[in-house]
Amino acid sequence: MAAPKEMTLETLEFAQFIRPGDAVIWGQVSSEPLPLTSRLMAQRASTGGFSVFLGATYSDIVQPAYADHVRFRAIGGNASNGKLAKAGVLEVIPVQLSNIAPYIEQGFLPCDVALVQLTEDPDGNYRFAVGSDYIVAAASKARVVIGEVNAQAPRTFGPHTLPRERVACVVRTDRPVLQIPPSPVGAIERQIATHISRYIDDGTTLQMGIGSIPEAVMSCLTDRRELGIHSGMIGDSLVDLIEAGAVTNDRKPIDRGKTVTGMLGGTDRLYRFADRNPQIVMHTVAYTHGAGVLATLPKLVSINGALEVDLTGQVNSEVANGLQVGAVGGALDYVRGAHRSVGGRSIIALPSTARNGALSRIVVSLNGPVSTSRSDVDVIVTEYGAAELRGRSLSERIKAMIRIAHPDFRDALSRQVFEQRRHT
């Protein structure tokens with residue numbers, strides 16, 4: 001078994017590994033190997049130029065000024081990627097999360113160099129610590145894999161390991177995993193969560209997106225029992241539900257007793273809870289977002305957000321005011337997966353207004369792309385209630401959507417619909 005070269009950050013020179021024009025992929029969210037990405041950005045000029053593919057970025061390491069030598073490509077303008085989009089230096093690749101790994105494997109998303117955060121098994125092989133999503137495919141495809149073995153990263157369970165011979169060099173660190181605190185929850189989020197919670201019975205399996213609305217929903221569920229979790233990402237609120245006895249995963253027909261996820265995105269509370277905990281199992285996007293897998297989970301309820309929704313149910317989760325601020329991400333995978341689940345429901349939740357009430361987020365026509373088609377949607381929720389669109393005609397949808405719009409905009413929406421129909 002070939003041993004990877006051990007290096008320190010001070011001796012790591014990326015020009016030894018990265019060729020001009022190479023494509024680099026590193027872990028997203030908390031799995032970003034921060035010391036490696038920081039070092040690479042500092043050495044960007046000496047490599048001859050390269051591209052980086054970004055998932056959802058929560059660190060502040062990548063800056064617009066670094067586009068002097070780096071071509072930035074990403075799934076969208078999520079979180080810290082937004083500043084790259086605003087500066088005009090981000091190339092967006094619209095893609096469902098479930099397709100990223102196949103794109104890497106088939107060469108549609110090239111990966112010459114993979115930077116990964118790891119933990120080390122007693123046998124000397126490595127595990128992917130806090131994230132297994134598509135970085136497993138990147139580490140398998142890359143010509144060069146450079147690993148950060150972080151002593152503070154949790155040792156997690158799952159089927160995916162990284163053989164020593166696949167790693168060119170490792171840098172050993174001892175630093176906190178990136179902290180992603182829970183989003184603040186306000187009165188509107190709590191009202192939305194109250195409406196959503198009515199769709200969540202005992203024995204439901206949940207998928208949650210990220211943000212204040214999912215946090216509010218989780219806080220409403222401590223009185224439920226035998227809930228299951230099968231989600232692309234989990235946060236600190238999962239610990240609350242497990243400790244309250246709400247989440248046991250006992251009714252899932254697969255992975256019984258196990259919380260399934262591809263990413264830990266929280267604080268030390270979550271990372272300590274997940275460390276050597278066999279109740280939490282890390283999988284790749286092929287499993288967390290796979291249509292066939294999701295269809296086997298009865299009563300799967302998926303909860304995701306949006307920027308705006310039109311009156312027929314079309315969802316824009318990517319562009320606001322002409323700026324890329326979001327992504328297709330994993331929402332569409334779960335929207336369709338919940339449709340295939342027996343007793344499943346797919347929920348898109350959003351506040352009814354933006355800009356402190358100045359703009360309606362329920363609109364006649366979208367101001368951005370269609371991220372989720374109207375034929376895929378099921379339930380749309382605002383603080384004013386839930387519009388159940390599955391199986392409804394366009395005219396029925398319009399009436400239901402106007403009812404959950406902010407009262408200040410309902411008359412205007414009705415007038416716009418009338419004028420639109422009068423001229424067609």
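Whatever comes next refers back to the structure up there.
Since we're looking at a predicted model, the values are computed, not measured.

Chemist: Can you help me understand the packing of aromatic side chains in this one?
Modeler: Each aromatic ring pair is characterised by the separation of its centres together with the angle its planes make. In the structure shown here, the tally under the stated rule is 2 aromatic pairs. Residues F53 and Y134 carry aromatic rings whose centres are separated by 6.1 Å and whose planes lie at 65° to one another, so their mutual orientation is edge-to-face. Here the residue F53 occupies a position in strand β3 (residues 50-54), and Y134 occupies one in the loop between β7 (126-127) and α4 (135-141), the gap between them amounting to 81 residues. In this pair, the class of F53 matches that of Y134, namely buried. Lying across the ring of Y384, R410 places its NZ or CZ 5.4 Å from the centre.

Chemist: Please clarify how the side chain of R127 should be interpreted in this entry.
Modeler: Considering the arrangement of structural elements, one finds R127 in strand β7. Of note is the side chain of R127, whose polar atom sits 2.7 Å from the backbone oxygen of G158. Those residues in contact with R127 that sit more than four places away from it in its chain are Q117, L118, T119, D121, T156, G158, H160 and T161.

Chemist: How should helix α5 (residues 187-197) be read in this particular structure?
Modeler: Every buried residue of α5 is listed here: E189, I192, A193, H195, I196 and S197. Those residues of α5 that are buried are in contact with α6 (212-219), β15 (300-305), β20 (345-349), β24 (379-382) and β25 (385-388).

Chemist: Whenever I open this one, the sheet that holds strand β17 (residues 315-316) confuses me. Can you help?
Modeler: Strand pairing in a sheet takes place through backbone hydrogen bonds and is either antiparallel or parallel in direction. Reading across from one edge, β17-β16-β23 is the order of the 3 strands in this open sheet, with mixed pairing throughout. Every interior strand has two partners, whereas the edge strands, β17 and β23 (362-363), have only one. Pairing between strand β16 (residues 308-310) and β17: 2 bridges, direction antiparallel. Along β17, the bridge assignment pairs V309 with V315.

Chemist: Can you help me understand the side chain of T353 in this one?
Modeler: With respect to the secondary-structure elements, T353 resides in strand β21 (residues 353-354). Under the relative-accessibility criterion, T353 is labelled buried at 15%. Excluding anything up to four places from it in sequence, T353 contacts L359, S360, R361, H406 and F409.

Chemist: Explanation requested: the sheet that holds β24 in the structure shown.
Modeler: Spatially, β14-β13-β12-β11-β15-β20-β24-β25 is the arrangement adopted by the 8 strands of the open sheet, whose pairing is mixed. With one partner strand each, in any of the chains shown, β14 (280-282) and β25 form the two edges of the open sheet. Here the strands of the sheet are splayed against their neighbours by 20° on average, with no regard to which way each runs. Here β15 runs beside β20; their pairing, made up of 5 bridges, is parallel. Its bridge partner being in β20, I303 is matched across the sheet by I347. α5 rests against β15, β20, β24 and β25 of the sheet, and its axis sits at about 145° to β24.

Chemist: Would you explain the environment of G262 in this entry?
Modeler: Along the chain, the position of G262 falls in the loop between β13 (259-261) and α8 (268-274). Residue G262 is classed as buried on the basis of its relative accessible area, which comes to 1%. Separated by 201 residues in the primary sequence, G262 and I61 have C-alpha atoms spaced 23 Å apart. Residue contacts for G262: discarding those within four places in its chain leaves V130, G131, S132, D133, S231, G232, M282, H283 and T288.

Chemist: Just checking my understanding: could you explain α6 for this structure?
Modeler: Residues spaced three or four apart along an α-helix face the same direction, because each turn holds 3.6 residues. Most of α6 is tucked away: 7 of the 8 residues are buried. Along α6, the residues classified as buried are S212, I213, P214, E215, A216, V217 and M218. For α6, the secondary structure elements touched by its buried residues are α5, β11 (205-208), α7 (237-243), β15 and β20.

Conventions used here
- Residues numbered from 1 in each chain as written.
- Predicted model: local features only at pLDDT ≥ 70, side-chain atom pairs only at ≥ 80, totals over all residues.
- Heavy atoms only, no water.
- Phe/Tyr/Trp six-rings, centres within 6.5 Å; stacked < 30°, edge-to-face > 60°.
- Helix = DSSP H or I, 4+ residues; strand = E, 2+ residues; numbered from the N terminus.
- Buried < 20%, exposed > 50% of the residue type's maximum accessible area, 1.4 Å probe, protein only.
- Lys NZ or Arg CZ within 6 Å of the ring centre and 35° of its normal.
- Polar contact = N/O pair within 3.5 Å; in protein donor to acceptor, adjacent residues only side chain to side chain.
- Contact = heavy atoms within 4.5 Å.
- Pairing = 2+ DSSP bridges.
- Axes fitted to C-alpha atoms, helices over the stretch in contact; angles between N-to-C directions.

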